[in-house]
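Each chain, letter by letter, is given below.
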Amino acid sequence: NPAQNEGVVKKISYRVRTGDSLSRIAARFNVTTREIMGWNELDLAKYLQPGQQLRLYVDLTVAN
């Protein structure tokens, strides 16, 4: 059954913390930096700000 392989994707809101980077957040939630940028319309030229809210779509079956 292909549906079993898709996992459970959940939209979550993540608040950026001091010292966070896109790559660190991506690794934590098993997504790519490109996905995070697309979901949040981020500009590479702008830095993440502590307290900034990010929208993430996380597969709960593989999140660590």
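Keep in mind it's a predicted model, so treat the numbers as computed, not measured. (Residues numbered from 1 in each chain as written. Predicted model: local features only at pLDDT ≥ 70, side-chain atom pairs only at ≥ 80, totals over all residues. Heavy atoms only, no water.)

1. Some details on the nonpolar core
In this structure, I25, F29, I36, L48, L54 and L56 are the most contacted members of the largest nonpolar core, which totals 13 residues. When contributions to this core are tallied by element, the ones reaching two or more residues are α1 (22-29), α2 (33-40) and β2 (53-59). (Core = buried A, V, L, I, M, F, W, Y, C linked by side-chain atoms within 4.5 Å. Buried < 20%, exposed > 50% of the residue type's maximum accessible area, 1.4 Å probe, protein only. Helix = DSSP H or I, 4+ residues; strand = E, 2+ residues; numbered from the N terminus.)

2. Regarding α1
Every buried residue belonging to α1 is among L22, I25, A26 and F29, and all of these are buried. For α1, the arc enclosing every buried residue in end-on projection is 100 degrees, short of the 170-degree limit, so these residues lie on one face. Taken together, the buried residues of α1 touch β1 (9-15), α2 and β2. N30 sits one or two residues past α1 and shows a positive phi near 60 degrees. (Arc of directions from axis to C-beta. Contact = heavy atoms within 4.5 Å.)

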